[in-house]
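Remarks on the overall topology
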Amino acid sequence: MKFPLLRATLFLVISTSLLQAAVTRVEPSNWWAAMSNPSLQVLLYGENISALTPEIDYPGVDVETVVRVENQNYLFVYLEIDKSVRPGDFEILLTSGGKLIESVPYSIWPRERASRERMGFDPSDTIYLITPDRFANGNPANDEFPGMAEGLERSHKDGRHGGDIQGIADSMDYIEDMGFTAIWVNPVLENDMKRAYHGYATTDFYKVDPRYGTNGEYKALIKMANDRGIKVIMDMILNHSGSAHWFVKDPPTSDWINFGGEYVNTSHRRQTNQDRYASEFDRKKHADGWFVSAMPDLNQRNSLMADYLIQNTIWWIEYSGLDGIRMDTYPYPDKDFMSRWTREVMAEYPNFNIVGEEWSLDVPIVAYWQRGKVNQDGYVSDLPSLMDFPLQHALVNGLTDKSRNSYDPQLIQLYEALALDFVYADPSNLVIFPDNHDMARFFTQVNEDFDLFKMGIIYTLTMRGIPQIYYGTEILMDSSENPGDHGLIRSDFPGGWQGDKVNAFTGNGLRPNQVQAQEFMRKLLTWRKDKAVIHTGKLMHFAPENGVYTYFRYNGEECVMVVLNLAEQMVSPPMEKYAERTNGYTMGIDVVTGKGYELDNLSVPPKSALILELN
């Protein structure tokens, strides 16, 4: 007798909750016509919406699948978008029992002309790496927002200092004048966390942090850069989010976050990705473990999560006009997902470029991830580029390690590291660098020796690959006070804040050696811009002897000879050794000084490098 009454009561409660349902998030908020992949996941989030039925009445857009999960606050609606669909606005109608509960606005936007053919960064570029919070504060009005976890605290090395997108835009003249042709900006998405100025604890994958600016300002920055011939590379993270992310606080499924949402630290044993003998325990501990308790590790084996992350990447490329992506912690997420992610992004943008971070000093570990590499376990990657950490390590060691002998001479590390290029599928597409935002400043790494600094910069800007320079390296910013302190490594760029006594943008207040370093860098970058022989020329090197390491960049039109002399005295290298590359040439003009050198009587000054254009 009581059962029908109970059922009626439950029906009344459910019906009432549906009538009160409200969608508070729609991700992505729009899509584009004429995309290669016709399938689109639209995540709807709102209280008790899972029982609703989505309907669409728009030509070329159909509801393909609806996925309901254990959390009733989610609806995953998969749309099929015909290639002939016309851009326009429509409604996703959410109904219950044939009754309309809510209308969710949605839009299909027209795709930018030639979007699919966009060109990514390549060896003709030199990348300027910027940590936005520490570069320039162009808009002090956005320094703080009520309700956000962290406000301005410039006096603290780990606090927010106020740098923003407007600051980068205001500095574009400087970036262009220096000769950089691309900028890689550390993450700009919302990080509503404490001590998260670095940007690697995302709390909203579709929103620029308001303390940096808006989505529109980010898009405008990219257009401004592109109009000047400067590409923009977005720093992305698929491995983890911040613990304050809304879908971490209220996850759709119990397996949305690895280890069931409980903090288990990663082992960092990246070798488990390649190790023939690795246990599943060790593989899981590495791939599923968290970096820190504030950065939950996302489960990309969950197909809903995988689709969400892939679409988010494509959304940012299409929305903002990106020229490339730098992917953080590339070997840490599920590796099969990473293969799918790169494959789908590159399928949508065949000429795009993505560089992955695999912080390993072992060439085979890094090479495993590059597109075209044939791996022993059959793993197929579609990642075009990687950060060349092995070469960076060899550069610093080669310049600073004096414990050498005749069999194992100085600079041999550079020769031996480069000799391993046969392991890579495409060494010319690796990103090379003297330092970055996670390591001691290069000037510090070479013991604040200006001569070694210049040698390292010459090597970086004339070697195969795509060079990247960290902001401030050009003015000898150092971290000698505490080389491993990230807050110190990412110090403010002088002149980026009103009232700064030193201004690196104008040169005011810089020390003489800082001015010299900046001019040295500007001259090399400007020269490199138009040097096809450096961008795509062949490379030949000769084993170092007596502290001298020589290599050539050459093509059918030009030949450039680079000589590094680490000896404390003038050295006259045996030119007959280089005959296979110097035959037919009698002179070399040094790019830095303009001085001419007779090749038959070449003498290289102590602790220096020459870049000789042969004629």
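Conventions adopted
Throughout, residues of each chain are indexed from 1 in the direction in which the sequence is written. Per-residue local features are limited, in this predicted model, to residues with pLDDT of at least 70; the limit for side-chain atom pairs, both in listing and counting, is 80 or more; totals at the level of whole chains, interfaces and linings are taken over all residues. Side-chain measures here rest on the full set of heavy atoms in the structure, leaving out hydrogens and waters. Two strands pair if DSSP finds at least two bridges between them. Where helices and strands are cited, they refer to DSSP runs of H or I of at least four residues and of E of at least two residues respectively, numbered from the N terminus. In this description, contact between two residues means that some pair of their heavy atoms is separated by no more than 4.5 Å. Only C-alpha atoms enter the line fits that serve as axes; for helices the fit covers just the stretch in contact. Angles between N-to-C directions range over 0 to 180 degrees. Should the near helix be turned anticlockwise from the far one by less than a right angle, the crossing is left-handed, and should it be turned clockwise, the crossing is right-handed. Each residue is assigned to one of three groups, with Ala, Val, Leu, Ile, Met, Phe, Trp, Tyr, Cys and Pro labelled nonpolar, Asp, Glu, Lys and Arg labelled charged, and all others, Gly among them, labelled polar. Like-charged residues are merged into a patch within 9 Å and nonpolar side chains (Val, Leu, Ile, Met, Phe, Trp, Tyr) within 5 Å, provided each residue has over 30% relative accessible area and no salt bridge. Here the open area of atoms and residues is found with the Shrake-Rupley method and a 1.4 Å probe, where only the protein chains shown may cover a residue. Every case where a carboxyl oxygen of Asp or Glu lies within 4 Å of a side-chain nitrogen of Lys or Arg is listed as a salt bridge. Asp and Glu count as negative and Lys and Arg as positive, but His and the ends of the chain are not part of the count. Every charge is mapped onto a representative atom, which is NZ of Lys, CZ of Arg, CG of Asp or CD of Glu. In this scheme, a residue with accessible area under 20% of its type's maximum is buried, one over 50% is exposed, and one in between is partly exposed, where area comes from a 1.4 Å probe on protein chains only. The definition of a polar contact used here is a pair of N or O atoms within 3.5 Å, where within protein one atom must be able to donate a hydrogen and the other to accept one, and adjacent residues in sequence count solely through side-chain atom pairs. For Phe, Tyr and Trp, rings pair up if their centres lie within 6.5 Å, where Trp contributes its six-membered ring, and each pair is then called stacked (planes under 30 degrees apart), edge-to-face (over 60) or tilted (otherwise).

Read across the open sheet, the four strands follow the order E2-E8-E7-E4; overall the sheet is mixed. Here the strands that pair on one side only, and so sit at the sheet edges, are strand E2 (31-32) and strand E4 (53-55). When E2 meets strand E8 (residues 99-109), the two strands line up parallel, connected through two bridges. Residue tryptophan 32 lies in a different strand from E8, and its bridge partner there is tryptophan 109.

Let's shift gears to the sheet that holds strand E15 (residues 354-356). One open sheet holds the eight strands; their spatial order is E16-E15-E14-E13-E10-E9-E18-E17, and the pairing between them is parallel. In this open sheet, the two strands that pair with only one neighbour each are strand E16 (385-386) and strand E17 (431-432). Sheet analysis places strand E13 (residues 231-236) next to strand E14 (residues 324-327), joined by four bridges and oriented parallel. Each bridged residue has a counterpart across the sheet, and for methionine 234 the counterpart in E14 is isoleucine 325.

Bringing the environment of phenylalanine 552 into the picture now. With respect to the helices and strands, the residue phenylalanine 552 is situated in strand E20 (residues 548-554). Remark: the alpha-carbon pair of phenylalanine 552 and methionine 463, spanning 89 residues in sequence, is separated by 9.2 Å. Setting aside residues up to four positions removed in sequence, phenylalanine 552 forms contacts with Lys538, Leu539, Met540, Phe542, Cys559, Val560, Met561, Tyr578, Arg581, Thr582 and Leu614.

Okay, the pairing of strand E19 (residues 538-545) next. Each regular strand displays side chains that alternate between the two surfaces of the sheet. When E19 meets E20, the two strands line up antiparallel, connected through six bridges. Bridge pairing in E20 links lysine 538 to tyrosine 554. Taken together, E19 and the strand that follows it, E20, pair antiparallel across an intervening segment of two residues, in which asparagine 546 is found at a positive phi of about 55°.

Further remarks concern the packing of helix H7 (residues 303-320) against helix H8 (residues 335-348). Contact geometry of H7 with H8 gives a least axis separation of 10 Å together with a crossing angle of 35°. Helix-helix and strand crossings are classified by hand; for H7 and H8 the assignment is right-handed. Of H8, the residues touching H7 (which contributes Ala306, Asp307, Leu309, Ile310, Thr313, Ile314 and Ile317) are Phe337, Arg340, Trp341, Glu344, Val345 and Glu348. Here the contact of H7 with H8 is composed, by residue class, of eight nonpolar, one polar and four charged.

Attention now moves to a negative patch on the surface. Side chains of Asp62, Glu64, Glu80 and Asp82 sit close together on the surface and give a patch of like negative charge. Examined against the element boundaries, glutamate 64 turns out to sit in strand E5 (residues 61-67).

This part takes up the pairing of strand E9 (residues 127-130). Burial along E9 is two-sided: Ile127 and Leu129 facing one way and Tyr128 and Ile130 facing the other are all buried. As paired elements, E9 and strand E10 (residues 182-185) share four bridges and run parallel to each other. Looking at the pairing, tyrosine 128 lines up with isoleucine 183 of E10.

Inspection of helix H11 (residues 412-419) places Ile412, Gln413, Leu414, Ala417 and Leu418 among the buried residues, and these make up the whole buried set. Residues of H11 that are buried sit in contact with helix H10 (389-400), helix H13 (450-462), E19, E20 and strand E21 (559-565).

Attention now moves to the side chain of lysine 607. Considering the arrangement of structural elements, one finds lysine 607 in the loop between strand E23 (596-598) and strand E24 (608-614). For lysine 607, a relative accessible area of 14% corresponds to the buried category. Looking at lysine 607, its side chain comes within polar contact range of the side chain of aspartate 449, at 2.4 Å. Setting aside anything within four residues of it in sequence, one finds lysine 607 in contact with Asp449, Asp451, Leu452, Met455, Asn565, Leu566, Ala567 and Glu568.

Bringing the packing of aromatic side chains into the picture now. Within a pair of aromatic rings, the relevant descriptors are the distance that separates the centres and the angle that separates the planes. Summed over the entire model, instances satisfying the criterion amount to 50 aromatic pairs. Considering the side-chain rings of phenylalanine 135 and phenylalanine 505, the 5.6 Å spacing of their centres and the 80° angle between planes classify their relative orientation as edge-to-face. Taken together, the residues phenylalanine 135 in the loop between E9 and helix H2 (165-170) and phenylalanine 505 in the loop between helix H14 (486-489) and helix H15 (512-529) connect sequence positions 370 residues apart. With centroids separated by 6.0 Å and ring planes inclined at 25°, the aromatic side chains of phenylalanine 450 and phenylalanine 453 adopt a geometry described as stacked.

Note that arginine 441 resides in the loop between E17 and helix H12 (442-445). Residue classification places arginine 441 among the buried positions, given a relative accessible area of 1%. With 31 residues separating them in the primary sequence, arginine 441 and glycine 472 have C-alpha atoms 8.9 Å apart. Those residues in contact with arginine 441 that sit more than four places away from it in its chain are Asp435, Tyr470, Tyr471, Gly472, Thr473, Met477, Asp478, Ser479 and Ile489. A distance of 2.5 Å separates a polar side-chain atom of arginine 441 from the backbone oxygen of tyrosine 471.

All right, on to unusual backbone geometry then. In this structure, proline 28 follows glutamate 27 across a cis peptide bond, with omega equal to -5°. Structurally, the position occupied by proline 28 is in the loop between strand E1 (23-27) and E2. For histidine 268, which is not glycine, the phi dihedral falls at a positive 65°. Looking at the element boundaries, histidine 268 is found in the loop between helix H5 (246-249) and helix H6 (280-288). The backbone of leucine 411 sits at a positive phi, close to 75°, despite the residue not being glycine.

The values are spatial; any link to function lies outside them.
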